[in-house]
Every structure is written in structure tokens, then in C-alpha cells.
Amino acid sequence: MRVRRGRVAALVFLAVVPSARVASADVTPKAAAVCFLSCDTLDPSKAGQETFPVPEKNVNGRRLVLHVSDADGMAWGSVDNGTTGDAVWLDRSWDGGSTWEGLLGKASVPSTWTGTRTLMYNVSDPRNHRRGLLRACGDAGAVACTDWVYPAVCDVRCDGTDAGQANGGTEPVPATTLSGRVIRLHTDKNAMAWASIETGAPGDEVWLDRSWDGGSTWPGGSSLGRVPVASGAATARTTMFAVRDPRGRLYGGAVRACGRAVSGQNGSCTAWARPAPARASAAADALMYSYDPYTGWWPSSWWNSAAALTALTGRRDHQYDWVIARTFDQNKGTFAAGQRSSDAIEGNFVSRAIDDSAWWGLAWVAAYDQTGDQRYLTMATTIANYVNQYWDTGTCGGGVWWDRERTYKNAVTSGLYLRLAASIHRRTPGDTVWLQRTRTAATWYLNSGLINGANLVNDGLTADCRNNGQTVWTYNQGLAVGGLAEAWRATGDTSLLDAARRLADAAITGLTRTGILTESCDVGQGTCDDNQKQFKGILSRYLADLEAATGTASYQSFAVKQADSIWLDDRDALNRLGQRWAGGSPNVFDWRTQSSALDALDAAG
């Protein structure tokens, strides 16, 4: 494989490549443009990479070439050594090559030229959970096409790997039975899957179905590895197939095992499942299922997206660094009210909601820690300076206003500011300004009245600067713990670390039921709103930060207990994690609850 302007590791393709048929019956109507990192019809001059993963095709002496940029997730075709009127285009299939959108970007060689090229088209569609195949086709006195690109999915292993090479094995869902046969779904620690049939008869068959949209559809993913029970045998198993496609940015694939008896009932399938190579990795994949790579956020919650990005970044897994960059690039500009938040976003992630702005500041601190890219720290500092404008000693002696209208001084905004100020100081060589702001913010917080007599943090202060007695939310407790721990790192003042420990200990005893973190809105038949769904994970994140600072074994034990409960009692077969960490109903599963639980799983290591 030849590579220009970038390197791509060679892959072994184990699936059968669909033939280059061009019969009109196989051509599907042209669909709407696909948008991933860019929309279809991007000019190839803007490609970040150029590779040639399939052989070029000779058509009556003309060179038909498929060019691919994995960096962009796009491809284009070209024809060379041609004559006027020769044409080149792309075909794109969403069902493994059975049908396709044809004539994409068709271009003809102009007079006096000897070649031309198409525009770029997306190979896959992670925004809508579709895996595509793409090939270049041309007409130069005859019609021909290159092979389809990337017919096999490759992750740690590629489609078609023998199941004897599995890295361990588990059965994520119960087996299904069929006329005395037992059909099982197996997955391993590499997120590979295979199917088996037991107590069968010669001629029985077993296979996998693979879906990229949670089991709603599976075009191109039906009957994978289909194999019969051999003569004289009673069992059979398929080869292994990948359930993650990192190249296509498809992380949330689902599989099921299916079988057919040679006589009797026609067939039966297990439930759909996603592999769980490791708890936090599986949770991160399920979180990515809800990410919109084109708009670069988790629709449709603004501050929650900042918290979700921070949870994903906390994985310290560089395969998600593109998500950090994409979120930054797509959202650093301005947005009218209603596009990202009920408030207008005024550029640099700021709005009239001071707390929302600070959440993004912490997200970019985490992004800087993960990548070392200075632009993220610069953005975090810009946001911190904006938030600092709302530190006001004229009311309650200090603290940060919750909104631009200066209506409320509350725990969330002041806790965010404390953590952000200390973080900026620690990452800015030679800084003294943020160090002093950290000292001031920490002293004010501890004496503000936000912390009640049980060492729990109430929501905010009254107009006359007293504790308002409103709900103790877990995220306020977590921000206080995290802010004081980071302030200790910044200042060396051990009294701040002692205070963080007091608040952490109070949370473990005062914000739990049977040892599991429980939000007040979780209790009884209550449900939490979209903001509250995210809260418990933030406390978990900062308890883990305190454990890292102190080495306190009880904090790690607490984290493990939360993770075990989430995994055993608050998870479905697609690794979706709910609001109620202890399980029970009513329960809610969405990307906010997923992000919150991911923080907890990461906290457990």
C-alpha cells in the first residue's frame, strides 16, 4: 500500500471483497450528504492525508485510482492517462456492497486534459451510526471499479480471526435455545465477538449479526461467519468479528448470535449486546454512541457536554484525542440562543451563565493535561479570566456570581472557580496572580457559610449572605472537595487538604444509602432532571482526585463499591449506565447518566 502525506499501518482484510458489479438494479437513489468531520464534496486539496489502500484499476490503459484520507474519514477517485470524455465517480454502499449510491462526484476529463478527479466523500457515517464501503469507478470505453475499501472491520483484531485466538471470553447475554440446540454469544477482552451452537445436528448453522445502531438495523452485518455443523459433529462456532471500528469512529457496535436448525423451527437469536473489554472502556464506547462528530458535542446540553468531555478525557486514552480537538474547533465560536444553550454562546465558550463557562474551563484544563496542546490551556485561562470578572467582594465579602445579572451566589460557581483558579496557577510557570486568587477563593469558601454543620455543602447563600439550607447536591460537595484539594497543591496549605478530607468523609456517610451515592432526586419514585443526572459522577471524580493526593484507602474502597454497584445493578446489555447507581426503578438511561457513571468507573481504576 502506498502512502502520501501520512502513514497508515497495513491491514490484513479477511472478509470477502464484494465484486465490482455495476448493474443499475444495484444502485440506490442518491441520499442526503453525509457529514462527519466534513460534509461530502470537500475538495481533495484539503485532505489531511492521502493513501492508496486498494489496488488501482486499469481500464483500457487508463489508471483508475481510489484515494483515501483516514484522517478525514473521506475518499476520492481519479482517472489518469485518459482522453476527453473519460469519467470517474464514487460508489458508496451502506449494506456491505449489495446496493450503493452511484455516480457520486462524477467528473469527466475536459478537453486538452488527460485526467480528472472527484470531490471527497465520507467513507462511513458515525453521526447516524452507519458503516459504509466506498470504491472508485470509471468509464473509459468500458466501465470498471476498484475494490471496495475496508470491507473488514479492524480493531485490535480484524474480522475473520479464528476464535481460538480470543483474549479470554464471556457471555454477555443469556444463550437462546432452538429445538434442543443452545446458541451462545461470546465476546473477549479485545471487543471481538463470535457465536457457537451446541447439541446440534449436522447441517445446523450458526452466525453473528452486527449492528452499528444498537440493534435497530444491521445492513451489511447479517450472517457474519455463517458456518454449518459438520457431519458427525454436534457443535460449531464462527470466526471472530470486531464490534468497534476506530478508523470509522464507530465505537458502539452491537452483536447477537443466531442459529438455524436443519429441521423444525427456522431460527433463533440471542439479545443484542456490546462487548465489555473493560468497564470504563465499555462505558466510554457507549458514551461515544451519543456524540455528534459533526457538530462536536453531545446534543443537546451545553454544560453537560463539558462534563461529558471531561469524563471521556479522564480515561487518559489517546484514541479519543480527536474528540477533544473536534469539540474545541466546532464550539469555540458564537452561537445564538437556542443553538447550544438557552443562552447565547458569545465565543470562547462563555455566556451569561458563569457556571456553564467555568465547566468548559475545567474541560480544557483536562484536555491540556491529556494532550499537552497549549491552545487548551490558553482557552481555559481565557475562560478563568472571564469568570474572575464576577468575583465580587461587595456582596458577602467575595464569591462568584452565578449569572451576569448577579442574582445569586452559590456553591457550584464558587467551587468551580476555586478549582479552575488553582488549576491555572499550577500549569502557568511563574504565575503569582492566580496563586493569590486561589488563596483568596479558598479562604472565602471555607468561611462563606456554604458548608453546614454536618460538613455538607448547601446550594447557596441568601441575599443577606447566610446558608440558604437548600438541597445538598453531590456535585457541589464534589467541587468543594476538588477545589480544596487543588488549592492545597497550588499553595501547600495543609489546612485546605484537611478540609477536603472532612467534606469527603461527610459525603461518604451523608450522601449515600447502603453505601451507594444517592441523589435526593433518586429517592423513592423521584426522577432527576437533565442537570441532576450528571451530579454524582462529579463527586466521584473529585473523591478520586483526593485519593490520589492522600493515598487514603477508604476512598478507593468507596470508589470500587460504587463501580461494582453500577456495573452489576445499573447496566444493560448494551453497557448503558443509568441514573440509579444502586439499581431499581424508575431509572433513566441517557448520555448524561452515562458520563456520570463513567466518572465513577474511572475513579475505581
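Everything that follows concerns the structure shown earlier in this document.
Let us look at the packing of helix H4 (residues 354–371) against helix H5 (residues 374–388). Between H4 and H5, the least distance of the axes is 8 Å, while the angle of their chain directions is 155 degrees. By the angle between their axes, H4 is roughly antiparallel relative to H5. In the packing of H4 onto H5, the handedness of the crossing is left-handed. Only Gln374, Tyr376, Leu377, Met379, Ala380, Ile383, Tyr386 and Val387 of H5 make contact with H4, whose side of the interface consists of Ile354, Ser357, Ala358, Trp360, Gly361, Trp364, Val365, Ala367, Tyr368 and Thr371.

Counting buried positions along strand E16 (residues 205–211) gives 7 out of 7 residues, so the element sits mostly inside the fold. Here E16 shows two buried faces, one formed by Glu205, Trp207, Asp209 and Ser211 and the other by Val206, Leu208 and Arg210. Note: E16 against strand E17 (residues 224–228), 3 bridges, orientation antiparallel. Following the sheet pairing, Leu208 is matched in E17 by Leu224. Where E16 lies against strand E20 (residues 254–260), 7 bridges are found, and the strand directions are antiparallel. What sits directly across from Asp209, in E20, is Arg256.

Buried residues dominate strand E11 (residues 133–139), accounting for 6 of its 7 residues. Bridge count for strand E7 (residues 87–93) against E11 is 7 bridges, and the pairing is antiparallel. When the bridges of E11 are listed, Leu90 appears paired with Ala136. Where E11 lies against strand E12 (residues 143–145), 3 bridges are found, and the strand directions are antiparallel. The residue of E12 that forms the bridge with Gly138 is Ala144. Connecting E11 to the antiparallel partner E12 that follows it, the hairpin turn spans 3 residues, and Gly141 within it adopts a positive phi of roughly 80 degrees.

Attention shifts here to the side chain of Ser357. For Ser357, the position within the fold is in helix H4. Once you skip the residues sitting within four places of it in the chain, Ser357 turns out to touch Phe349, Val350, Ser351, Ile383, Tyr386 and Val387.

Summarising the element assignment, Cys396 is placed in the loop between H5 and helix H6 (411–426). Measuring from C-alpha to C-alpha, the distance between Cys396 and Lys409 comes to 8.6 Å, with 13 residues separating the pair along the chain. Residue contacts for Cys396: discarding those within four places in its chain leaves Lys409, Trp444, Leu461 and Cys465.

In the structure shown here, the tally under the stated rule is 27 aromatic pairs. Measuring from centroid to centroid gives 5.9 Å for Trp391 and Trp444, while their planes differ by 75 degrees, and the two rings are edge-to-face. Pair noted here: Trp391 is in the loop between H5 and H6 and Trp444 is in helix H7 (residues 433–447), with a separation of 53 residues, a long-range link. Seen in terms of ring centroids, Trp473 and Phe535 are 5.4 Å apart; in terms of plane orientation they differ by 70 degrees. Their pairing is edge-to-face. With Trp473 in the loop between H7 and helix H8 (474–491) and Phe535 in helix H10 (residues 535–550), this pair connects stretches of sequence that are 62 residues apart.

The rules behind each value
- Residues numbered from 1 in each chain as written.
- Predicted model: local features only at pLDDT ≥ 70, side-chain atom pairs only at ≥ 80, totals over all residues.
- Heavy atoms only, no water.
- Axes fitted to C-alpha atoms, helices over the stretch in contact; angles between N-to-C directions.
- Helix = DSSP H or I, 4+ residues; strand = E, 2+ residues; numbered from the N terminus.
- Parallel < 35°, antiparallel > 145°, perpendicular 65-115°, else oblique.
- Left-handed = near helix turned anticlockwise from the far one by under 90°.
- Contact = heavy atoms within 4.5 Å.
- Buried < 20%, exposed > 50% of the residue type's maximum accessible area, 1.4 Å probe, protein only.
- Pairing = 2+ DSSP bridges.
- Phe/Tyr/Trp six-rings, centres within 6.5 Å; stacked < 30°, edge-to-face > 60°.

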